Amino acid sequence: MQTVGELGEAGVLARILDGLESAAAASVGPGDDCAVLRASGDIVVTTDTMIEGPDFRLAWHTGFDLGWKLAATNLSDVAAMGATPTGLTVALACPKSTPVSLLAEIARGLSAACAELAPGCGVVGGDLGQAPVLTAAVTALGDLEGREPMLRSGARPGDTVAYSGALGLAGMGLALLFDRCADGAGVAHSEGLAELREAHSAELRAQFAPRAPILTGRVASESGATAMMDVSDGLALDAARLARASQVQVRLSGESLSAAYGVQQGVTVPLRAMLEGGEDHGLLATFPPGVALPAGFLPIGVVAEVGGSSGEPSQGSLSVNGEPYAPGGWDPYNKLTTLSS
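Let me begin by describing the structure that accompanies this report. Computed from a predicted model, the values in this text were never measured in an experiment. (Residues numbered from 1 in each chain as written. Predicted model: local features only at pLDDT ≥ 70, side-chain atom pairs only at ≥ 80, totals over all residues. Heavy atoms only, no water.)

**Re the environment of glycine 234**
Step number 1: Examined against the element boundaries, glycine 234 turns out to sit in the loop between β8 (227–231) and α8 (235–246).
Step number 2: The spatial distance from the C-alpha of glycine 234 to the C-alpha of glycine 277 is 5.3 Å, given a sequence separation of 43 residues.
Step number 3: Not counting residues up to four positions away in its chain, the partners in contact with glycine 234 are Leu275, Glu276 and Gly278. (Helix = DSSP H or I, 4+ residues; strand = E, 2+ residues; numbered from the N terminus. Contact = heavy atoms within 4.5 Å.)

**What about the state of the cysteines?**
Step number 1: Applying the stated criterion across every chain yields a total of 0 disulfides.
Step number 2: Free cysteine: cysteine 114, not disulfide-bonded; nearest cysteine sulfur from cysteine 121 at 4.2 Å.
Step number 3: Residue cysteine 114 is classed as buried on the basis of its relative accessible area of 2%. (Disulfide = S-S within 2.5 Å. Buried < 20%, exposed > 50% of the residue type's maximum accessible area, 1.4 Å probe, protein only.)

**As for the environment of phenylalanine 208**
Step number 1: Its location among the elements puts phenylalanine 208 in helix α6 (residues 201–208).
Step number 2: Classification of phenylalanine 208 as buried rests on a relative accessible area of 1%.
Step number 3: In this structure the C-alpha to C-alpha distance between phenylalanine 208 and leucine 174, which are 34 residues apart in sequence, comes to 9.0 Å.
Step number 4: Excluding residues that lie within four positions of it along the chain, phenylalanine 208 makes contacts with Trp60, His61, Asp65, Lys69, Leu177 and Arg197.

**A word on the packing of helix α2 (residues 63–80) against helix α3 (residues 100–117)**
Step number 1: Where α2 meets α3, the axes come as close as 6 Å, and the angle between the chain directions of the two elements is 45°. Of the possible angle classes, the one that applies to α2 and α3 is oblique. Considering how the two elements wind past one another, α2 and α3 form a crossing that is right-handed. Each of Gly63, Phe64, Leu66, Gly67, Trp68, Leu70, Ala71, Ala72 and Leu75 in α2 lies in contact with α3, whose residues at this interface are Leu102, Glu105, Ile106, Arg108, Gly109, Leu110, Ala112, Ala113, Cys114, Glu116 and Leu117.
Step number 2: Looking at the contact of α2 with α3 residue by residue, the classes come out as 14 nonpolar, 3 polar and 3 charged. (Axes fitted to C-alpha atoms, helices over the stretch in contact; angles between N-to-C directions. Parallel < 35°, antiparallel > 145°, perpendicular 65-115°, else oblique. Left-handed = near helix turned anticlockwise from the far one by under 90°. Nonpolar A, V, L, I, M, F, W, Y, C, P; charged D, E, K, R; others polar.)

**Some points on α8**
Step number 1: Look at α8: 16 Å from first C-alpha to last across 12 residues, which is about the 16 Å you get at 1.5 Å a residue.
Step number 2: Most of α8 is tucked away, with 9 of its 12 residues classed as buried.
Step number 3: Those residues of α8 that fall on the buried side of the exposure criterion are Leu235, Ala236, Leu237, Asp238, Ala239, Ala240, Leu242, Ala243 and Ser246.
Step number 4: Just downstream of α8, glutamine 247 is the residue with a positive phi angle, here 55°. (Expected span 1.5 Å × (residues − 1).)

**Section: the packing of helix α4 (residues 169–180) against α6**
Between two packed helices, the angle of one axis relative to the other and the distance separating the axes together describe the packing.
Step number 1: Closest axis-to-axis distance for the α4/α6 pair is 7 Å, and the angle between their directions is 100°. Classed by the angle they form, the pair α4 and α6 counts as roughly perpendicular. On α6, the residues that touch Leu169, Ala170, Met172, Gly173, Leu174, Leu176 and Leu177 of α4 are Ala202, Glu203, Leu204, Ala206, Gln207 and Phe208.
Step number 2: A per-class count over the contact of α4 with α6 returns 10 nonpolar, 2 polar and 1 charged.

Take a look at the structure:
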């Protein structure tokens, strides 16, 4: 098995670039100091970093899964702004002992995710370096094509709160991995992983290779959405962020959530998993009252005015079934919510 250190930078880059599809908007792709992308409107830009250990475990993830997830997590942010994804730049740093085949599989996963989730988007450049553990930083770009950007701050009282994508499955998959494929200290191992993938395929697919609803972002914008954001840290935590940005109350309905997402791909999903699971990479949006929700979005609550009668949630807060809800979810600096109880 040839390693990165044995092949060298030029050889590794040649292997990686062979596995990448070009972006439709690129007039200049990888090979020069910068890529050049054509655009018809304002450009949106987002960056996300994933580090072996806190963000992924090579004992669990294949290279293809990792590449797919790197693309999906960034494409969903572009979609949340109502933009069309146009290109990704990918910086990888790894130990010299890293198999070249792993990086080639990451490239294959990146290309596959772009082709399925955001046709026309592709990797247009990046960097390769050395690090103690595998580290990836992805920058995604998108074209608003003349539309105004969708912000978190546009929700208005009376709006319908809606969601598009899977909800809770990814968090359940991570809980299963920690329960079945990690020791008491949380160190990952691959013993029993194949059996777990087969027995809980929906949960592990959602965790390893999320099918983020990228194309629904533009549709929501064109359908009159007032606010939108990617849900990556848990529905409750991200809904509270939208509420604060818009200075409103977001009132989620547990009944509506359970009706819409209580069973997904044959898996029963508890309400807590829907609210706090994280890493779903779906889209949370608000729409004016009476507006028909675009395909892919289901109603899960309403936006209410700040203040109100005694006992109602305070400004910028969240309620579930009429009760104030202290949001939990993903925080890279705090203990992970594993949904094991």
